[in-house]
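# Close look at the chain arrangement
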Amino acid sequence: MAATGNAEETQLQEMEEEAGMEREMDSDEEEGMGIENSDDEEDDSSEDDKENEAEIQRLEEQLSINAFDYNCHVDLIKLLRQEGELPPLRKARQKMSELFPLTEEIWLDWLKDEIRLTEEEQNREKVYELFEIAVKDYICPEIWLEYAQYSIGGMGLPGGMEKVRSIFERALTAVGLHMTKGATLWEAYREFENVILATVQPPPGSVPTCEQQELLNAQLERIHTLFCRQLAIPLMDMEGTYAEYEEWSDQGVSDTVSQKYKRALQQMEKSKLYEETLMAAEPPKLAEYQTYIDYEQKEGDPARIQIIFERALAENCLVPDMWAKYTKYLDRQLKIRDLVLSSHDRAVRNCPWTMGLWKNYLLALERHGADHHTISDVFEKALNAGFIQATDYVNIWEAYLDYLRRRVDFSKESSRELEELRAAFTRSLDYMKQDVEERFSESGDPSCTIMQVWAKIEALHCKNIQKARELWDSIMTKGNAKFANMWLEYYNLERSYGDALHCRKALHRAVQCTSDYPEHVCEVLLTFERVEGSLEDWDAAVQKTETRLNRVNEQRAKVAEKEAHLVRQEEEKTEQRRRAKADKKNQKKGQKGSRPGEKRKAEDEDNENEWGEESEQPPKRHRGEGNQGSFRGGGAEEFMETESGLFGRRAPPCRRQEPPGAKRGQQMAPATVRKTQEDNPEQRKDDCSVFISNLAFSMEDPEKRLKELFEPCGPVQSVRPVYAAKGFRGYCYVQFEGKTSVPEALKMDRREVDGRPMFVSPCVDKNKNPDFKVFKYNTNLEKHKIFISGLPFSCTKEQLEELCKDQGTIKDIRLVTNRSGKPKGLAYVEFEDEAQASQAVLKLDGTVLQEHTLSVAISNPPRRNAANKPDFSRPMGAMMPQAMVYGSRGKGRTQLSLIPRSLHRQTGSESKAENGTAPKPTGGASGDAGFEAQAKPMSNSDFAKMLLRK
């Protein structure tokens, strides 16, 4: 036994000496490299040192202002490491570790530096403590391997052998199931045991003693067990491990081990596809990891589910949804206290701005019996985390108050827990008023939910209805007295825990103050008096409700009269503008007709439509998200926006059709026009019709073409193209025999016809249907959708999908085009969830595509205020700057603008894209004509080409 012990100690000393020699060689090489570098750069070193010192001082000052600046911590650590100042470097790393989990790279650098320091100090326990902190931040096989290798250097110390084996066992538990990196730890553990085996083997030719044989058999059994355990786990390249075991084992592979190996191999083959997908994908691989997690959850192995979650979080530590899914799984499935609480702690350290993670952390602490001091400390950290919404603070306070309420034993009249609960309620109200309102300019709790809960607790548990009434008085003074639902909540509280007198008083106040639903509270008061009140009470209630309702009706009548007056004024103004425009046109016709030798120009808009109004420009499609929510109908005014500016009212639903054989430019007699418009108006059915626009003016025989196009949707009764004096106007009406064909026809919206997107909309007469709502694009924040600007005009959906597919699952891609179908360099990409969209913004913003720098943001279209838009019934010249209207020669004789519509832009402001200021187009694109025209003078021929364009 003594000989065996001496041999083992000798072997351990040799291993330690070898490890020390390697470290000395590395140190000598580093010192040599440092000497060479210092010789080569001696002149520049002083300047670099001064710059580094100044930068270090700047970073330290910045961290003193904002300690949560992650990048500032990283930069400071890099500079201090370059300077070689290890004490300040250790202090900087400790400060960062207290606030954030550190990455694998930062930890490995820190551990290597500390190992070099402890060799001089002879204090290994400090490094062990540092390793214990490191392995808790993330599941990193490299850190565990470094931990095990460092512990081997202390095998000669008392208990060193057991410590090494303990660390290896913990490492296998943590990362031994890692499909691609777990095998490294298994092999390192077996290699360690093989070295121990060599120390206990007797010299060749000698006969081992019984004690030596027992040690030898025990060591062989350890190695055999490691092989069996590893072969039962699905790992990459496990075939090589099986072959090694066959060669090592003198007795061959048992059937039990072989069966476990085959099962593990089959499972590895199933997971191999997911591993290969991860290896091929680029970081952060969020979608690939989610697919892998879904697969493992279906398989149902808790250990494998945990390891794949940990692998995903190591690369996506700033994704709150991933942390929420992981902690939810641990809370509901594993329920292991230390694992659950440590995961919640890591979640809030990585994503402190996410209120939901803090709320779940508080619940987990209470669920696993954490002490009150710990839960309170976590809550205080949550208040200082810096949430992004006022409502987040309301929610976290509610979670903490719920916890405090569950601690109270209400059977006692007074207790320390009850006083603490009341103090917390009071503090929460002060916090919302002083901190939240000042920071966000809003309370976050307009309905006073915290005070409502407090009032219910006082009334229900504490039997203190007077305190509850005081709280409700405070609630009503915060702007809630005008809402019927708030009074009814108060009434229900009094009904349950108060008396009839206070119920009656609350309802009388409700009748007097409610402005949204006064009829409802009046009905509740009368119902209450039917059940509880006397005749005098009933008479008082009737008089109270009648007086209130009469006053409400008078106010509503005044408002309605005022609105009607405004409508009449607007109608009169519209009629005046229409008459002025008609007189102006008649005057122009008289002037043209009185000039001998001049050719009379055919007018498109001389004729009245069937609604008795003058026709205007053809309808323009509003930019927006939907396809079928368009606006079409009678002569009501609608504001349209196109790529080239703002135009007037849309055209009436129907115009005359050009008779067969009529030539383009030939003018029809006014009587013929009116007759064409008035033919069979009773046969037109808007509910069976759709409105088609944005068709090519050059389309031949549009009636036949559209009938063929829409026949698959259902039997077509008629097609009514709209013609002007010059020919087809690009829009028409398609009437089906039945209503069921209309939805099918609307699905053809945006279909390309002759190189242009065809717009298909419902046919609605707004004179008969004034409540019909026109299409409005979405103006809400769409967290799952991103907006991309600055795209090259040649970009296709396929190219955009290729660019975005690595960021997540793409549900839809929409390239924004003008009414002629030409791209505008803008696009919307819709992802499966907001986490993927956020990741896409981080990765794609600022990227370059075909020499175009892209701007990427979460879709948040601006609100459009119709009141700020110009009066579309005025001539276009009234909407233009003075220089555009009058030109370089001063005021024109006819006061008409001859500038093409594509140049009708306000020069004082930039053109706006749907998510902000769009980048100015570069030269060479078709959409740049407006900018080029303003940049250089144009000849008459250039203007003629612009007028004839499109």
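Below you will find a few notes about this structure.

Procedures and definitions
Residues numbered from 1 in each chain as written. Predicted model: local features only at pLDDT ≥ 70, side-chain atom pairs only at ≥ 80, totals over all residues. Heavy atoms only, no water. Helix = DSSP H or I, 4+ residues; strand = E, 2+ residues; numbered from the N terminus. Contact = heavy atoms within 4.5 Å. Areas by Shrake-Rupley, 256 points an atom, 1.4 Å probe, with all protein chains shown as cover. Core = buried A, V, L, I, M, F, W, Y, C linked by side-chain atoms within 4.5 Å. Buried < 20%, exposed > 50% of the residue type's maximum accessible area, 1.4 Å probe, protein only. Pairing = 2+ DSSP bridges. Axes fitted to C-alpha atoms, helices over the stretch in contact; angles between N-to-C directions. Patch = residues over 30% accessible without salt bridge, like charges linked within 9 Å, V, L, I, M, F, W, Y side chains within 5 Å. Salt bridge = Lys/Arg side-chain N within 4 Å of Asp/Glu carboxyl O. Lys, Arg positive; Asp, Glu negative; His and termini not counted. Charge placed at Lys NZ, Arg CZ, Asp CG, Glu CD. Phe/Tyr/Trp six-rings, centres within 6.5 Å; stacked < 30°, edge-to-face > 60°. Lys NZ or Arg CZ within 6 Å of the ring centre and 35° of its normal. Parallel < 35°, antiparallel > 145°, perpendicular 65-115°, else oblique. Left-handed = near helix turned anticlockwise from the far one by under 90°. Nonpolar A, V, L, I, M, F, W, Y, C, P; charged D, E, K, R; others polar.

## So, the overall build of the chain
Along the backbone of the chain there are 34 helices and 15 strands. For the chain, contacts bridging at least 24 residues in sequence account for 64% of all contacts bridging at least 6. Surface exposure of the chain reaches about 52,200 Å², of which carbon and sulfur atoms provide 48%.

## Things to note about the nonpolar core
With 106 residues, the main nonpolar core has Met322, Trp358, Phe387, Ile396, Trp397, Leu421 and Trp472 as its most contacted residues. Ranked by residues supplied to this core, first place goes to helix α19 (residues 390–407) with nine residues. When near neighbours in sequence (up to four residues on either side) are disregarded, Leu421 contacts Leu401, Leu404, Arg405, Val408, Phe410 and Ile457. Core analysis: the next-biggest nonpolar cluster, separate from the first, contains 57 residues, Leu79, Leu102, Tyr128 and Ile233 among them.

## Regarding the sheet that holds strand β13 (residues 855–859)
The four strands lie next to each other as β9-β10-β8-β13, forming an open sheet whose pairing is antiparallel. Across the chains shown, the open sheet's two edge strands, defined by having one partner strand only, are β9 (810–817) and β13. The mean inter-strand angle of the sheet, taken between neighbouring strand axes irrespective of direction, is 25 degrees. With five bridges joining them, strand β8 (residues 782–789) and strand β10 (residues 823–831) adopt antiparallel strand pairing. In the strand pairing of β10, Ser789 is matched with Leu826. Contacting β8, β9 and β10, helix α30 (residues 797–804) crosses the sheet at an angle of about 135 degrees to β9. On the sheet, helix α31 (residues 834–844) packs against β8, β10 and β13 and is oriented at approximately 25 degrees with respect to β8.

## Quick look at a negative patch on the surface
Where like charges cluster on the molecular surface, the negative patch consists of Glu47, Asp48, Asp49, Glu51, Glu53 and Glu85. Residue classification places Glu51 among the exposed positions, given a relative accessible area of 54%.

## Thoughts on the packing of aromatic side chains
If you walk through the whole model with that rule in mind, you get 35 aromatic pairs. An angle of 55 degrees between the planes, with centres 5.1 Å apart, marks the rings of Phe387 and Tyr393 as tilted. One residue, Arg124, lies across the ring of Tyr150, its end atom 4.1 Å from the ring centre. Above the face of the Tyr128 ring, Lys163 is positioned so that its terminal group lies 4.3 Å from the ring centre.

## Looking at the packing of helix α18 (residues 372–383) against α19
Put simply, α18 and α19 touch, their axes get as near as 10 Å, and they point 170 degrees apart. By the angle between their axes, α18 is roughly antiparallel relative to α19. Where α18 crosses over α19, the two elements pack in a sense that is left-handed. Across the interface between the two elements, His372, Ile375, Ser376, Phe379, Ala382 and Leu383 from α18 touch Tyr393, Ile396, Trp397, Tyr400, Tyr403, Leu404 and Arg407 from α19. Classifying every residue of the contact of α18 with α19 by side-chain character gives 10 nonpolar, two polar and one charged.

## Notes on a nonpolar patch on the surface
Together, Leu318, Trp353 and Ile388 give the surface a local cluster of nonpolar side chains, amounting to about 310 Å² of exposed area. Here Ile388 is to be found in the loop between α18 and α19. Classification of Ile388 as exposed rests on a relative accessible area of 59%.

## Points about the sheet that holds strand β7 (residues 756–762)
Pairing in this open sheet of five strands is antiparallel, and the strands run β4-β5-β3-β7-β6 from one edge to the other. Each end of this open sheet is capped by a strand with a single partner; those strands are β4 (716–724) and β6 (751–753). Averaged over neighbouring strand pairs, the angle between their axes works out to 30 degrees when direction is ignored. Where β6 and β7 come together, three bridges link them in antiparallel fashion.

## Side note on the pairing of strand β3 (residues 689–693)
Every regular strand shows the same layout, with side chains that alternate between the two sheet faces. Of all five residues in β3, five are buried, a share of seventy percent or more. Side chains of β3 alternate between two faces, with Ser689, Phe691 and Ser693 and Val690 and Ile692 buried alike. Note: β3 against strand β5 (residues 727–736), four bridges, orientation antiparallel. Note that in β5 the partner of Phe691 across the bridge is Tyr733. With four bridges connecting them, β3 and β7 associate as antiparallel partners. Across the sheet, Ser693 pairs through a bridge with Phe759, a residue of β7.

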